[in-house]
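# Notes for the structure review
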Amino acid sequence: MLDRADLVRLYRDLRDRPVLSVYLDVDQHDPAQRRAWRTRLENEVSNEARRISNGGGDDGGFRAAVGHLESALQDEGFMKGRGWVGFATADALVHHESLPVPMPNLVRWEDGIRAAPYIRGLKRLRRIAVVVADRRRARLFDLSEGELRELPSLVADQDLGDLSDVGVRKTGTNRSGRRGETATDQAQRILEENAERMWKSTVEQVTEIAGSEGFLVIGGTPEAVGRIESLLPSRLHERTETSTHLHLDMSSSAVREAVSDVAASLNQRLQGDLVDGVVDQARAGGKGVLGRDATVEALREMRVDTLLVSRSFLRDDPELADRCVGTALAQDAEVEEVSGAGADRLDSEGEGMGARLRYRIDEVVAAAD
């Protein structure tokens, strides 16, 4: 998939050129429907050709671009993924790929790419680090673009060496005992120290996997979960969720299913927090705006840091939604398609739109004075 930087670059490169954007819903599981997407594509192409003709436009470039995309699709049957996207100019095929999320069926010939539907797919680029642990072992997973990869497990050293019950101060191993400590006490302490080292190494690895924008899901025994949580860097706290459904003996497919549910919940929670922050800032006259007119104005003034659009807004007013998403991408702003409770609040209080701002107008005026 394109990452956000690639999407921004593509949008900027093609914004002044006629481009054919094609999105397809190919989420089919019935073999009898394996080519149904072709019928939908043909219908959408016909509808777009009529729109161009009724508008008095020349569809020569459109037909050439359709030919480029049809060449890319000619060998496709039961398509991979749940969605498909392609961009083409009259001269060449620019980009095409399968997507891990369903897409609307859309064919549009216009200046610049139709970028708004692609935003939904960007969520799947957020990597999810997964750890399932007890005090002896930690299983590590990396979930990216819907694909789960299991990494080598971390194992705590269980070798206790030669422990003696009498006057323990030093064992036959390279570990030091403590005065008055029994062999049983020393064994327990050594196991705890080894578990602690394993948990610390686990945190180092999952922090690297999650990076600056990814999620972390933790499962396993309550002891291991609690200790791993306590060792996490503060920047990862709000992007971490625990799951009581994860245990060490699960298959990889079961882990993937459980993690997908948790990640969706975590994503909606973060989006809800983002909407709440924008609403609070907008009401207080701070760095937030709500509503279509105010958000469009902020986009025009290039003050938007993060554009929020609800799923229903994208569906009900796709033309305005795409103009706003494109304007946001052009100024390198983040774009978040909000779902769940956050989307409901954005719809009710902001007509499906809002934005976190880089600065307020009065700050610019004050700086100029």
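Parameters and conventions
- Residues numbered from 1 in each chain as written.
- Predicted model: local features only at pLDDT ≥ 70, side-chain atom pairs only at ≥ 80, totals over all residues.
- Heavy atoms only, no water.
- Pairing = 2+ DSSP bridges.
- Helix = DSSP H or I, 4+ residues; strand = E, 2+ residues; numbered from the N terminus.
- Axes fitted to C-alpha atoms, helices over the stretch in contact; angles between N-to-C directions.
- Contact = heavy atoms within 4.5 Å.
- Salt bridge = Lys/Arg side-chain N within 4 Å of Asp/Glu carboxyl O.
- Buried < 20%, exposed > 50% of the residue type's maximum accessible area, 1.4 Å probe, protein only.

Glancing now at the sheet that holds strand β6 (residues 137-144). With mixed pairing, five strands are arranged side by side in an open sheet as β7-β6-β5-β8-β9. Looking at which strands have only one partner, the edges of the open sheet turn out to be β7 (147-155) and β9 (240-242). This sheet shows a mean twist of 20° between the axes of neighbouring strands, independent of strand direction. Inspection of the sheet shows strand β5 (residues 128-133) paired to β6 by six bridges, in the antiparallel sense. Looking across to β6, one finds that A129 is bridged to D142. Each of β5, β8 (215-220) and β9 is contacted by helix α6 (residues 222-231), which is oriented at about 150° to β8, the strand it contacts most. Most of the contacts of helix α7 (residues 252-283) go to β8, to which it runs at about 130°, and overall it touches β5, β6, β7, β8 and β9.

With that settled, consider the pattern of salt bridges. All told, the structure shown has 28 salt bridges when counted by the stated rule. The partner of R283 in a salt bridge is E349, and the shortest N-O contact between them spans 2.6 Å. Of the two residues, R283 is situated in helix α7 and E349 in helix α11 (residues 340-350); the sequence distance between them amounts to 66 residues. Accessibility expressed as a relative area gives 32% for E349, which makes it partly exposed. When the shortest N-O distance is used, the salt bridge between R315 and D316 registers 3.2 Å. With a relative accessible area of 54%, D316 lands in the exposed category. Here the residues in one salt-bridge network are E48, R51, R108, E110, R114, E319 and D322, joined through shared partners.

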